[in-house]
Structures are given as structure tokens and as C-alpha cells.
Amino acid sequence: TNLRNLTEGRDFPDGTGGRVAFSNIGRAAWMGGNDIVFSAQLGDGKPYHLFTINLQTRIIFQLTDGAADERNPAVSPDGRYIALDSNAPVSDTT
């Protein structure tokens, strides 16, 4: 896919001083302008997280992190909010 072509060969810090590349690319959503939000794995067996990519600059920014899977981004009509599926545990803050 075109998104795979945009992310191919790109890597990110792995938290231990090394680098890791995208192993799987999930669903993407248009954010308006030149930006796309998408889910991807940084390494096989790792959780999915959300990233954005600017189509002009090709700069990729990681939006989510942690042990939970975050997938299936959907952008609000005004582009201000991103909804997603997550298996993160629900916390009670009351």
C-alpha cells in the first residue's frame, strides 16, 4: 500500500539504545490537510500504537505508547479528536 511505502525503512528508538522498524501497518484515517493517523507495530509481537505522518515532510510522530494495543483510529469531522480501539485496562479515578 502507499502507507507502507511511506513508512518503509523508517525506524524508531526501542528504549534500550537500539532502533526498531515498523513490522505491521494497520488502519489509517485522514486527518485533513497533509496528515494521516495510522496504527502500526514497532517489531513483531509488540502492541499496536498510533502514529501520524505528514505527507509533505514525511515526518512520523508516535502518539501512543505502553503495553496496550491501540488500533483503528477515526478522526472527528473537525480534525480535533481521534477515537481509537484500545485494550488498556479501565481505571477508576473516583
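The structure we're discussing is the one just above.
All of these numbers come straight from a predicted model, not from anything done at the bench.

Colleague: Quick rundown of the pattern of salt bridges? Include the residues and the values.
Modeller: Here the structure, examined in full by the defined rule, presents 1 salt bridge. Arg71 serves as the salt-bridge partner of Asp69, at 3.6 Å between the closest nitrogen and oxygen. Overall, the relative accessible area of 22% leaves Asp69 in the partly exposed class.

Colleague: Account for the side chain of Thr64, naming residues and giving values.
Modeller: By secondary structure assignment, the location of Thr64 is in the loop between β6 (60-62) and β7 (70-75). When its relative accessible area of 16% is taken as the criterion, Thr64 is described as buried. A polar atom in the side chain of Thr64 sits 3.1 Å from the side chain of Glu70. Those residues in contact with Thr64, other than ones at most four positions away along the chain, are His49, Leu50 and Glu70.

Colleague: Talk me through the sheet that holds strand β4 (residues 35-41); I want residue IDs and the actual numbers.
Modeller: Reading across from one edge, β3-β4-β5-β6 is the order of the 4 strands in this open sheet, with antiparallel pairing throughout. Bordering the open sheet on either side are β3 (24-32) and β6, each of which pairs with just one other strand. When the angles between neighbouring strand axes are averaged without regard to direction, this sheet yields 25°. In the sheet, β4 pairs with strand β5 (residues 48-54) via 7 bridges, with the strands oriented antiparallel. Bridging across to β5, Ile36 finds its partner in Ile53.

What counts and what doesn't
- Residues numbered from 1 in each chain as written.
- Predicted model: local features only at pLDDT ≥ 70, side-chain atom pairs only at ≥ 80, totals over all residues.
- Heavy atoms only, no water.
- Salt bridge = Lys/Arg side-chain N within 4 Å of Asp/Glu carboxyl O.
- Buried < 20%, exposed > 50% of the residue type's maximum accessible area, 1.4 Å probe, protein only.
- Helix = DSSP H or I, 4+ residues; strand = E, 2+ residues; numbered from the N terminus.
- Polar contact = N/O pair within 3.5 Å; in protein donor to acceptor, adjacent residues only side chain to side chain.
- Contact = heavy atoms within 4.5 Å.
- Pairing = 2+ DSSP bridges.
- Axes fitted to C-alpha atoms, helices over the stretch in contact; angles between N-to-C directions.

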